[in-house]
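Notes for the structure review
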Amino acid sequence: MTNAIEVHSVTRTYGRVRALDTVSFAVPEHSILGLLGRNGSGKTTIMSIIAGQDRPSSGQVDVLGHTPFEHAPTLAQISYVRDNQRYPDDYRLHHVLRIAPDFAPNWNCDVAEELTDGFRIPAKTPIKKLSRGQLSSIAIVLGLASRAPITLLDEPYLGLDVTARALFHRMLLHDYGQHPRTIVLSTHLIEESASLFDRVVILEQGGVAMNGDQDDVLASAWVMSGTKDAVAELVADRPVLQRNTVGGLTSITADFALDDATRIRARDLRVQFAPASLQDLVAAYGSSDTDSTDVKVAERA
Amino acid sequence: MFTGGGPIYQQLADHIAEDIMAGTYSEESSVPSTNEYAVFYQISPITATKSVNLLVEQGVLYKKRGIGMFVATGARDRLHKLRRSEFRKEYVAPLVHEARLLEINRRQLAEMIDQENKK
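Residues numbered from 1 in each chain as written. Chains lettered and ligands numbered in written order. Predicted model: local features only at pLDDT ≥ 70, side-chain atom pairs only at ≥ 80, totals over all residues. Heavy atoms only, no water.

1. Here's the deal with the interface of chain A and chain B
Contact residues are listed per partner, giving 21 residues for chain A and 18 residues for chain B. Summed over both sides, the interface between chain A and chain B buries roughly 1,500 Å², with carbon and sulfur atoms accounting for 58% of that surface. In terms of surface lost to chain B, no three residues of chain A exceed Leu173(A), Ser195(A) and Asp215(A), which account for 36% of the buried area on that side. Our enumeration of links across chain A and chain B arrives at 2 salt bridges. Note that Lys50(B) is salt-bridged to Asp213(A), the shortest N-O span being 3.2 Å. Between the two partners, chain A and chain B, sit 10 residue pairs in polar contact (both at pLDDT 80 or more). If you list the elements that add at least two residues to the side of chain A that touches chain B, you get helix 6 (162–178) and helix 8 (214–219) of chain A. Of the residues forming the side of chain A that touches chain B, the biggest block, 7 residues, is contributed by helix 6 of chain A. The residue makeup of the side of chain A that touches chain B, split by class, is 8 nonpolar, 7 polar and 6 charged. (Contact = heavy atoms within 4.5 Å. Buried area = accessible area lost by both parts, 1.4 Å probe. Salt bridge = Lys/Arg side-chain N within 4 Å of Asp/Glu carboxyl O. Polar contact = N/O pair within 3.5 Å; in protein donor to acceptor, adjacent residues only side chain to side chain. Helix = DSSP H or I, 4+ residues; strand = E, 2+ residues; numbered from the N terminus. Nonpolar A, V, L, I, M, F, W, Y, C, P; charged D, E, K, R; others polar.)

So, in structure tokens, the structure goes:
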């Protein structure tokens, strides 16, 4: 499979702040990639660079085989709506829908109409007066109706109600079925969107913590909980991503293969373990403190 | 719908296999397309394709070019064979473990199985 997007050791600094530090990953054509990580981990920065709206301080990004920055033929293939997209003050929905096709050669009116109806976006209200969720709805209309080979969705869910989120998923997959495309989607609503992704990239403090096929990424990750001593015996000196301790009980998230002997010993020690969900894994990578963190809240009560 | 409990493509493949064993899709009838599975279960079409490919490799489904995916003749037998080897590990082992913990002896366990069978 060819790669639609290739990110090669991209570093982006703003003054002294290193927003991205030698980030590398690739997105195969027609993949749906989940770009995950905490606030400030670099998700929007890398998206802007892929979209050609920003340039890396060093390193290189190839989108459909070209550097997107100031390369019009490549930019025409990309749809990117920022999570804080601004519109001219007096704009209403129809103004946006009228100019959108100028920027999107594959624009599809039917998709746009079905979505604006489904999202119940008010047609007559000036856009600046719309709610957060309604603004997100417009961003999704622009993102999906563009039918761009490269569709970048930055936090598409902000403020969206549950019905609208389900509609978005359904429309995304339905329209993808008709017109496959490469999709990069960043979000914090991991549990809800995890099943959409065939690939994931987890960013942590500007670096890539995890990158690959979702099934592979989760294959060796698990959560274990039991008494402090039992868990400590099972883990021995192997690396742990996150550890939570309350009194004598500990739960950990880790990513290394468990052999059968360890599993049998775990059962004897009454330690439970289960495969980690994508959400568990992202939360674990985001917790910089892997040492024992005693929760004090309970004691205060 | 597919959360936790192993890779999503495996869960969907298991689900389709169970539908075939239960007779929802009979042999030589068509199953939904990967795009339909993707939209219905809200999963990536690439993941849905992976599930279907797994069942094709196992000889459970086959592709009629330009028409769609069909259940192969003998698919149920093949699935029974595949799944029986898993049955002991997945179901019998935890059952025996739990029974031991509750001090349920072999005879009591057999009685319970008989009672379930009568339902």
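2. Considering a negative patch on the surface
Together, Asp110(A), Glu113(A), Glu114(A) and Asp117(A) give the surface a local cluster of negative charge. Note on placement: Asp110(A) falls in helix 4 (residues 109–119). (Patch = residues over 30% accessible without salt bridge, like charges linked within 9 Å, V, L, I, M, F, W, Y side chains within 5 Å. Areas by Shrake-Rupley, 256 points an atom, 1.4 Å probe, with all protein chains shown as cover. Lys, Arg positive; Asp, Glu negative; His and termini not counted. Charge placed at Lys NZ, Arg CZ, Asp CG, Glu CD.)

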